[in-house]
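Residue-level structural notes
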Amino acid sequence: MSSLITRVRLKQIEQFIEKGKRLDERGLRDTREIKIEQGLIEKAEGSARVLLGKTEVLVGVKVETGEPFPDTPNEGVMTVNAELVPIASPNFEAGPPNEDSIELARVVDRGIRESKAIDNEKLCIEPGKKVFVVFVDVYVLNHDGNLIDASAIAALAALLNTKMPNYEIKDGELKIKQGYTPLPVKGHPITVTMGKINNSLIVDPGLEEEQVMDSRISMAINEEGHICAVQKGGSGYFTPQQILEASKIAQEKAAEIRKKLNW
Amino acid sequence: MSEKHEKLIDKKGIRLDGRKADELRPLKLQVGVLSHADGSAYIEHGKNKILAAAFGPREMHPKHLSLPDRMVLRCRYHMAPFSVQERKSPAPSRREVELSKVIKECLEPALFLELYPRTGVDVFVEVLQADGGTRCASITAAALAIADAGVPMRDLVVACAAGKVDDTVVLDLFDAEDKLGAADLPVAYMPNLNAVTLLQMDGNLTCGEFEKALNMAMDGCKKIYEMQKEALKTKYMVVKEEAEE
Amino acid sequence: MDGEKILPVFFEKKQLVTPGELLAEGDYLAGENTYLEQNKIYASRIGLVDTDNKKVNVVALRAFYVPKLGDIIIGSVVEVGFNGWTVDIKSPYTALLRASDVLSRPFKPQNDELSAVLNAGDLIVAKIASYDRAHDPQLTVGEPGLGKITRGQILHVTPTKIPRIIGRKGSMISMIKQETGCQIILGLNGVILVTGKNPEDEELAITAIKKIEEESHTSGLTDRITQLLKESKGKVEENKNE
């Protein structure tokens, strides 16, 4: 991955970080500015567009009906998919999901699922037969680093924006009624990704920093400050001490971001 | 969390499979089990049965995937259709794709990639039977396969998971505990370098529980590491003993 | 550890070590199959550890061949190309033998039929003429003793065992050659050619070499090999006399 960054630039970034600074004048623990716009795709049941610095992710939520899983007859189904479309980066190629987009989707999924952000039982229409199926599609529009955090915020914002059609069972048949119900979102998990450059942890790595860092760790934190999902990525390693340090940073930042977003 | 399922750990601290909170499932490791692979290993961990094979370093196919200044590690984690209760389609699932990626990323730090530019090492993991913790068992076997192939390594990589069932932090979850429990934390570790190369978690843990589970998993790793070394040495010691009789 | 020469306390002579095992700390040098990290020396392959002055070495029990300039190797031709041959030298890197090296005259691709000189499946003894990180190794056969192999038997051993098969000052390999009457070429890439007057002699040499490979890390090996060779020779004499 170092083919895109020059050695001089790499050294520059490392030297700055050694002194506790980053090239865009952020502190090691600072995230970039977050901008959220909801409801921009009317044909989707819910949508949100997030800008994390220059990283841009659009999430559309489609709600359909379907059968529940056999082991959870009273619960709705959620599935997350991510697409790294070619317009977002010269490195993205068109085609079926590759390991990066699959990892992104699954990490975002875990943050929402494990924190129980969606009240799945309220998605049940007819126990054992019909439930709501929530499709969360993550569409990365511009890659300037930290797709995980941007996608996670966008996914949650889109879910908060989602309205489900009303259904009722009349004469044994599923009939659609008038009006909409907001998707029952009861949790607001925030995912914080930290990169490791030499032995420093930096929050919300930008694109160039991602090419310098040897690994990353992402943690999804719920409102109680509990950790709901963790994913280490990249070919480097962390010491146990660094992992515990990362968990404390993640907790702090998650609370900070949640407050800023008013969630 | 619904109370519908039975208790996963009873009042005396005994789990559904009879183990205590900090007990590992029985483990068996064998090195050098496949004659055509450059290196191979077989692991039985609880009911998990997994084969790992390593090929290389060798020329990469297709050639354009090789890198001019380093070796490339490729990894495929695959489950046999009959490995789980409900038959699994042979086509790679999204979970297998993600696990292939994280397993590769957890083995890479152990290798001296710069030593053999323009070559590749292919690692294949075949899960023959799965019962929770397959990614950890796969890593433990894969590291042995790589060492058995004679590829230089900084350290063996060993993996073990910890988690939480019914509010108790426990070591080495089996399938039921993984599915019904409150958290699962797989960890891969290079003990001599104190380096964690794989870390994932899903569930709900307080910071304190997270620390406890992480430490418990690393302790489990250290125990399995001793077994890894033994298994590797056993393959080469047998001949030594026979010869010196 | 203040300049005093202390034998590292972490291992015994010829102990079997695994990758990542700590071998020494402080004033030592990282030798074969070891690496240095923060003043500590660790093993990088499974093998037997030993010190040579201040250098800590591990004789690997399992390794692959990395080409070195000047090495004599034995390889098999894999493909006939436009201006040379691709040769498998049992290494992560495929070797190339240029036509210009083999043909003693200028090379004309249209006129010269390369497959008539060397074809896929042929075995050659060659020397590594050039090799670096950016290029595959180039071979040469333009020296006496090198070239196409026409008879004999081939066996493969882990390259790290070749020194043991050679023995101290060539004593081991000389003994095998003498007792079996075979010509033996040891490729440094672990490929060995044994050519004898008859298959039985060749088999004996091969058995002896295989035994050395398997038991290279044990003591008393020289005696056991001597015994093996003498016993087998004795049997052959017996059979002849009956």
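Residues numbered from 1 in each chain as written. Chains lettered and ligands numbered in written order. Predicted model: local features only at pLDDT ≥ 70, side-chain atom pairs only at ≥ 80, totals over all residues.

This part is about the overall build of chain B. From N to C terminus, chain B includes four helices and nine strands. Starting at the N terminus, the α and β elements of chain B follow one another as β-β-β-β-α-β-α-β-β-α-β-β-α. A compact globule built from 245 residues would reach a C-alpha radius of gyration of about 18 Å, and chain B, at 19 Å, matches this within 12%. Taking all 245 residues of chain B together, 53% fall into the buried category. (Helix = DSSP H or I, 4+ residues; strand = E, 2+ residues; numbered from the N terminus. Rg over C-alpha atoms; globule rule 2.2 N^0.38 Å. Buried ≥ 20, exposed ≤ 12 C-beta atoms within 10 Å, placed from the backbone.)

Looking now at the packing of helix α2 (residues 99-114) of chain A against helix α3 (residues 147-160) of chain A. Residues and elements named next belong to chain A. Two elements in contact, α2 and α3, have axes separated by 10 Å at closest approach and are oriented at 50°. If you check the angle between α2 and α3, you find them oblique. Both α2 and α3 take part in a crossing whose hand is right-handed. Note on element contacts: α3 touches α2 through L147, I148, S151, A152, A155 and L156, opposite L104, V107, V108, G111 and I112. Counted by class, the contact of α2 with α3 contains nine nonpolar, two polar and no charged residues. (Axes fitted to C-alpha atoms, helices over the stretch in contact; angles between N-to-C directions. Parallel < 35°, antiparallel > 145°, perpendicular 65-115°, else oblique. Left-handed = near helix turned anticlockwise from the far one by under 90°. Contact = placed C-beta atoms within 7 Å. Nonpolar A, V, L, I, M, F, W, Y, C, P; charged D, E, K, R; others polar.)

Each partner contributes to the interface: chain B provides 26 residues, whereas chain A provides 26 residues. Listing elements by their share of the side of chain B that touches chain A, those giving two or more residues are α1 (94-107), β9 (195-205) and α4 (207-243) of chain B. The greatest single-element share of the side of chain B that touches chain A, amounting to eleven residues, is contributed by β9 of chain B. A class-by-class count of the residues in the side of chain B that touches chain A yields twelve nonpolar, seven polar and seven charged.

Below, the discussion takes up the arrangement of the chains. Take the two pairs of chains in contact: the one carrying the most contacts is chains A and B. One thing to see here is that chain A and chain C don't touch, and their nearest C-alpha atoms sit 15 Å from each other.

It is worth spelling out helix α5 (residues 240-261) of chain A at this point. All names here are of chain A. Its 22 residues place the ends of α5 31 Å apart at the C-alpha level, agreeing with the 32 Å of an ideal helix rising 1.5 Å per residue. Within the span of α5, buried status applies to I243, A246, S247, A250, K253, A254 and I257. For α5, the buried positions fall inside an angular range of 150° around the axis, keeping them on one side. In α5, the exposed residues that point more than 90 degrees away from the buried face are Q241, K248 and K259. N262 lies just past α5 and shows a positive phi near 65°. (Expected span 1.5 Å × (residues − 1). Arc of directions from axis to C-beta.)

Residues and elements named next belong to chain C. Overall, mixed pairing links the four strands, which are arranged β1-β6-β7-β3 in an open sheet. On the outer flanks of this sheet lie β1 (15-17) and β3 (29-30), each paired with one strand and no other. Where strand β6 (residues 47-52) meets strand β7 (residues 55-60), six bridges bridge the pair, whose relative direction is antiparallel. Opposite D50, over in β7, you have N57 as the bridge partner. (Pairing = 2+ DSSP bridges.)

Another aspect to go through is helix α1 (residues 7-18) of chain A. Taking 1.5 Å of rise per residue, twelve residues should cover 16 Å, and α1 of chain A covers 16 Å from first to last C-alpha, within 8% of that figure. Phi for G20 of chain A, located one or two positions after α1 of chain A, is positive at around 85°.

What follows is about the confidence of the model for chain B. Interpreting fine coordinate detail is not advised for predicted regions of low pLDDT. Of the residues in chain B, 95% reach a pLDDT of 70 or more, and the chain-wide mean stands at 93. Model confidence for the complex is summarised by a pTM of 0.92, with the ipTM given as 0.92. (pLDDT = per-residue confidence, 0-100.)

So, on to unusual backbone geometry. All names here are of chain B. Backbone torsion omega between G56 and P57 reads 0°, so that peptide bond is classified as cis. Relative to the helices and strands, P57 is located in strand β3 (residues 48-59). For the bond from H61 to P62, the omega torsion is 0°, close enough to zero to count as cis. Relative to the assigned elements, P62 resides in the loop between β3 and β4 (72-79). Notably, D167 is not glycine yet its phi reads approximately 70°, a positive angle. Relative to the elements of secondary structure, D167 occurs in the loop between β6 (158-165) and β7 (168-171).

The next subject is the nonpolar core. V138, A154 and A155 of chain A together with L107, V123, I146 and V187 of chain B are the most contacted members of the largest nonpolar core, which totals 206 residues. Apart from the residues lying within four places of it in its own chain, the contact partners of I146 of chain B are G39, A54, L107, V121, V123, V151 and M153 of chain B. (Core = buried A, V, L, I, M, F, W, Y, C linked by C-beta atoms within 7 Å.)

The next thing to look at is the pairing of strand β2 (residues 46-52) of chain A. Residue and element names in this part refer to chain A. Summarising burial for β2: seven of the seven residues are buried, a large majority. Taking every second residue as pointing to the same face, both faces of β2 are buried, with G46, A48, V50 and L52 on one and S47, R49 and L51 on the other. Pairing geometry for strand β1 (residues 34-38) and β2, over five bridges, is antiparallel. Along β2, the bridge assignment pairs Q38 with A48. The hairpin formed by β2 and strand β3 (residues 55-66) contains two residues between the paired strands, and G53 there has a positive phi angle of roughly 65°.

Take the environment of G203 of chain B next. Take G203 of chain B: it is sitting in strand β9. Classification of G203 of chain B by C-beta neighbours within 10 Å gives buried; the count is 23. In sequence terms G203 of chain B and K164 of chain B are 39 residues apart; their C-alpha atoms lie 8.4 Å from each other. Setting aside residues up to four positions removed in sequence, G203 of chain B forms contacts with E114 and C228 of chain A together with G163, K164, A182, A183 and D184 of chain B.

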